[in-house]
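Summary of structural features
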Amino acid sequence: MSNVEAKPVRAKDLLGAIVANHYQSAWDAKNAGEKVGWCASNFPQEIFETMDIKVVYPENQAAAIAAKGGGERMCNTAENNGYSNDICAYARISLAYMDVKDAPELNMPQPDFVLCCNNICNCMIKWYENIAKELDIPMILIDVPYNNDYEAEEDRIAYLKGQFDYAIKQLEEITGKKWDEKRFEEVMEISQRTGRAWLEATGMSKYEPSPFNGFDVFNHMAVAVCARGKKESAEAFELLIEEFKQNIAEGKSTFRGEEKFRILFEGIACWPHLRHTFTELKEAGVNVVGTVYADAFGYIYGNTNELMQAYCSTPNAISFERAVDMRLKAIRETNCDGALIHINRSCKQWSGIMYEMEREIREKTGIPTAIFDGDQADPRNFSEAQYDTRVQGLVEVMTANKEAK
Amino acid sequence: MSISTILNKFDIKHADIIKKYQEEGKKIIGCSPIHLPVELVYAAGMAPMGIWGSYGEIARAKEYFPAFYCSIVQRIMEMVLDGTLDVLSGIMVSTQCDSLKALGQNIKRVYKEKNIPYIHVAMAQHRKIEPGVDFNEIQYRKVKAQLEEISGNEITDEKIEEAIKLYNKSKVLMQEFVELAAKHPDVITPSWRSIVLVNANYMDRAEYTEYLEELNAALREKEVVPWKGVKIVTTGIITNSHSLNEIFEENDMAIVEDEVAQESRQFRTLVDENTGNPIRALAKYLGDIEGCSLMYDPDKLRADMIIDKVKKSGADGVVYVQAKFCDPEEFDYPIFKKALEKEGIKLVMIETDQQMTNFEQARTSLQTFAEML
């Protein structure tokens with residue numbers, strides 16, 4: 001027997017394995033002749049998880065392709081097929097993948113149906129309609145109408161429930177698999193556990209210094225998107241909490257260097273320029289401690305009604321007032337010194353309220369803000385020079401504010 | 001009465017229409033694109049006024065929207081900020097595309113300061129299934145309550161039914177006008193066709209219906225003059241730019257059918273009458289609409305509908321008028337193009353926006369297209 005101790009399992013490795021396994025199990029299902037779907041990131045995963053139906057996530061794939069340098073190639077393919085370069089780059093990459101069916105950065109099975117939910121944007125509907133039409137496959141939609149009220153009231157919940165019933169019927173017909181109420185209860189339970197662990201882990205950035213590098217959230221998010229209903233995900237996030245607790249106890253962090261400033265990063269990551277956007281901040285001692293993404297995938301509910309409400313509460317489905325409160329909460333809880341706002345060329349809905357949001361953040365919190373132009377997946381819509389200048393400007397004001405204290 | 005005299009009745013400046021409403025003591029409710037329940041506004045004794053932007057510069061709206069935003073949305077915001085729309089007693093904004101969602105929220109912020117009510121019209125995209133119709137009916141009841149508060153008038157079912165019948169009557173006349181315009185492009189030029197159809201969004205509907213009855217009657221009587229130019233079908237969100245219509249005319253292009261949001265998409269479907277529940281009928285209407293880029297349609301019927309229009313009207317080709325930065329239309333285009341190519345139908349796409357002053361690119365494309373046809 002060897003007396004060398006086994007290397008402790010790290011949350012990072014578990015999370016990586018969950019994503020790898022997620023894609024592998026979809027391939028296995030496809031190869032075994034099962035029907036496999038393409039699914040929108042905020043579609044109520046409780047539905048297909050309950051029915052043991054395998055899906056993969058085009059948004060996740062597009063982010064991975066973009067992060068690995070394939071964004072421009074895929075966008076070009078879509079544009080050659082007639083898609084305007086104005087269209088969301090995730091959609092362009094996905095529509096290109098549907099056509100060429102190969103991307104060395106990350107391959108996934110072709111769909112037998114699509115599961116769409118527009119609680120992040122209506123662009124999703126157009127994108128999935130096109131996939132359904134081009135591949136002649138069924139489309140399942142859970143429509144979440146944009147809500148001007150603060151809470152989702154009974155009318156929305158009733159509408160969602162009606163659509164759940166309709167979607168389940170469609171899926172039963174497509175896959176031959178059956179709905180199981182008992183299994184649904186179990187899935188809700190596991191998803192809750194994952195959601196709570198995810199929120200607790202990402203919420204630990206409130207400690208000073210934060211026990212983790214904020215850009216880690218962008219990476220861990222893949223599991224929060226793809227595998228919220230899996231026990232392994234809950235366990236991995238719970239391990240992440242333990243690691244963060246240990247970091248706090250030991251005064252350590254995965255953010256290397258001194259955490260001089262703490263900021264809210266508003267918007268989706270610029271995947272093609274992740275390294276540059278991170279490095280520029282890191283060198284100035286800026287750590288990202290606040291994101292709205294953390295809350296976006298932390299679905300918390302105690303019963304079916306609350307589950308419906310939770311899916312009506314994604315950042316892009318809520319009113320301006322509630323969206324502002326979400327940012328203010330993140331800024332106050334994590335004690336941010338500033339906010340860096342990404343005007344994402346790919347996301348019209350998010351970008352369309354962001355200038356007013358910036359004014360609100362400044363007025364309500366007094367912290368400095370900076371805006372930069374970028375894109376979640378098309379590398380051509382980002383300028384390093386502009387980003388650097390804006391970050392430097394933000395850092396100068398944050399420095400002056402600290403010195404004045 | 002001569003055709004040109006009747007046509008002139010439709011050629012009214014929006015400012016004059018507003019003045020007339022004000023003189024009549026009528027409150028005006030702004031209605032964003034598209035498919036809003038204008039019948040409820042009419043039933044409240046108020047004037048529904050289409051809000052489709054206007055041609056001009058974008059200055060203050062840049063404080064709300066990045067440059068890559070639809071110019072209709074930006075121009076509406078500009079008119080909200082510069083006070084042009086202060087004449088409104090309320091504004092209804094729908095949520096069918098992402099840009100409209102952001103527009104509504106930004107208007108709500110500005111109008112709060114101006115004390116003008118913002119009426120949020122949530123619409124179910126899953127509009128054909130029962131839960132979707134139920135949801136839309138509930139939203140329309142909320143809209144009705146807000147309109148009653150603004151107008152001070154009760155909106156009875158009888159009044160809604162009357163409004164539905166009036167609007168349906170005008171829609172049937174508009175459908176007939178499209179057919180008559182195709183027969184008489186020598187007098188109903190693209191510019192006149194646009195003025196007649198687009199002003200339905202602004203004029204009092206009863207008056208409009210009366211004028212259109214006169215116009216259609218006169219056109220029915222008119223002798224058909226053989227058309228030597230080309231015949232086209234237009235599609236897109238808006239095609240009412242004066243410069244664009246001039247280019248059509250310079251190239252002897254007659255519009256024999258359209259599939260334009262500001263035109264046919266609003267009158268090709270009727271609302272059910274005498275149902276006993278007219279609000280539900282309005283909600284069901286949303287589910288009856290086909291082929292609109294802003295309404296959920298997994299079958300993508302738009303291309304099939306245009307192909308049908310081309311065949312029936314004997315058109316030589318289709319002009320896809322792409323409103324710059326309008327992603328619902330941009331998503332439809334590749335599918336549309338493929339379907340038309342399969343049928344051997346000629347297609348050209350031109351991009352326009354409401355800030356555009358230079359139409360040279362569109363002019364060249366349309367000239368080449370006309371020659372090709």
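See the structure printed just above.
A brief structural summary. This one's a predicted model, so the numbers in the text were calculated from it and none came from an experiment.

Considerations on the nonpolar core
Core analysis: the biggest nonpolar cluster contains 249 residues, and W271(A), L340(A), I107(B) and L215(B) have the highest contact counts within it. Looking at this core element by element, the count peaks at 11 residues for helix 7 (residues 157–183) of chain B. Here L215(B) is in contact with I3(B), I6(B), L7(B), F10(B), F177(B) and V196(B), once residues within four sequence places are set aside. Core analysis: the second largest hydrophobic core is formed by 17 residues, M253(B), V319(B), V348(B) and I350(B) among them.

Some remarks on the interface of chain B and chain A
Taken together, the 50 residues of chain B in the interface contact 48 residues of chain A. Approximately 4300 Å² of surface area, both sides summed, lies buried where chain B meets chain A, with 59% of it carried by carbon and sulfur atoms. It is F68(B), R109(B) and F331(B) that lose the most area in chain B upon contact with chain A, and together they represent 17% of the buried surface on that side. One can count 7 salt bridges joining chain B with chain A. Linking K300(B) and E129(A) is a salt bridge whose minimum nitrogen-to-oxygen distance equals 3.0 Å. The interface formed by chain B and chain A contains 30 residue pairs in polar contact (both at pLDDT 80 or more). When residues in the side of chain B that touches chain A are grouped by element, the largest group, 9 residues, is from helix 13 (residues 327–343) of chain B. Residue classes in the side of chain B that touches chain A are distributed as 25 nonpolar, 11 polar and 14 charged.

Comments concerning the sheet that holds strand 5 (residues 230–236) of chain B
In sheet architecture, strand pairing relies on hydrogen bonds along the backbone and comes in two forms, parallel and antiparallel. Residues and elements named next belong to chain B. The 4 strands lie next to each other as 6-5-7-8, forming an open sheet whose pairing is parallel. If you trace the sheet from one side to the other, it starts and ends with strand 6 (253–260) and strand 8 (346–352), each paired once. Sheet twist, expressed as the average angle between the axes of neighbouring strands with direction ignored, equals 25°. Sheet topology places strand 5 next to strand 6; 7 bridges connect them, and they run parallel. When the sheet's bridge partners are listed, K231 is paired in strand 6 with A254.

Here's the deal with empty space enclosed by the protein
All names here are of chain B. Enumeration according to the criterion identifies 9 cavities of 30 Å³ or more in this entry. Together, 30 residues line the largest cavity, and V38, Y167, N201, R205 and Q266 are the ones closest to its centre. Contributions of two or more residues to the lining of the largest cavity are made by helix 3 (38–43), strand 2 (47–50), helix 7 and helix 11 (278–288). In terms of residue class, the lining of the largest cavity is built from 19 nonpolar, 6 polar and 5 charged. Computed from the structure, the second largest cavity encloses a volume of approximately 170 Å³. Those elements giving two or more residues to the lining of the second largest cavity turn out to be helix 4 (71–81), helix 5 (98–114) and helix 13. At 3 residues, the largest contribution of residues to the lining of the second largest cavity is made by helix 4.

Cut-offs used in this document
- Residues numbered from 1 in each chain as written.
- Chains lettered and ligands numbered in written order.
- Predicted model: local features only at pLDDT ≥ 70, side-chain atom pairs only at ≥ 80, totals over all residues.
- Heavy atoms only, no water.
- Core = buried A, V, L, I, M, F, W, Y, C linked by side-chain atoms within 4.5 Å.
- Buried < 20%, exposed > 50% of the residue type's maximum accessible area, 1.4 Å probe, protein only.
- Helix = DSSP H or I, 4+ residues; strand = E, 2+ residues; numbered from the N terminus.
- Contact = heavy atoms within 4.5 Å.
- Buried area = accessible area lost by both parts, 1.4 Å probe.
- Salt bridge = Lys/Arg side-chain N within 4 Å of Asp/Glu carboxyl O.
- Polar contact = N/O pair within 3.5 Å; in protein donor to acceptor, adjacent residues only side chain to side chain.
- Nonpolar A, V, L, I, M, F, W, Y, C, P; charged D, E, K, R; others polar.
- Pairing = 2+ DSSP bridges.
- Axes fitted to C-alpha atoms, helices over the stretch in contact; angles between N-to-C directions.
- 1 Å grid on protein atoms, 1.4 Å probe; cavity = no way out; pocket = protein on both sides within 12 Å on 5 of 7 lines; lining within 4 Å.
- Points joined across faces, edges and corners; volume = space filled by probe spheres on them.

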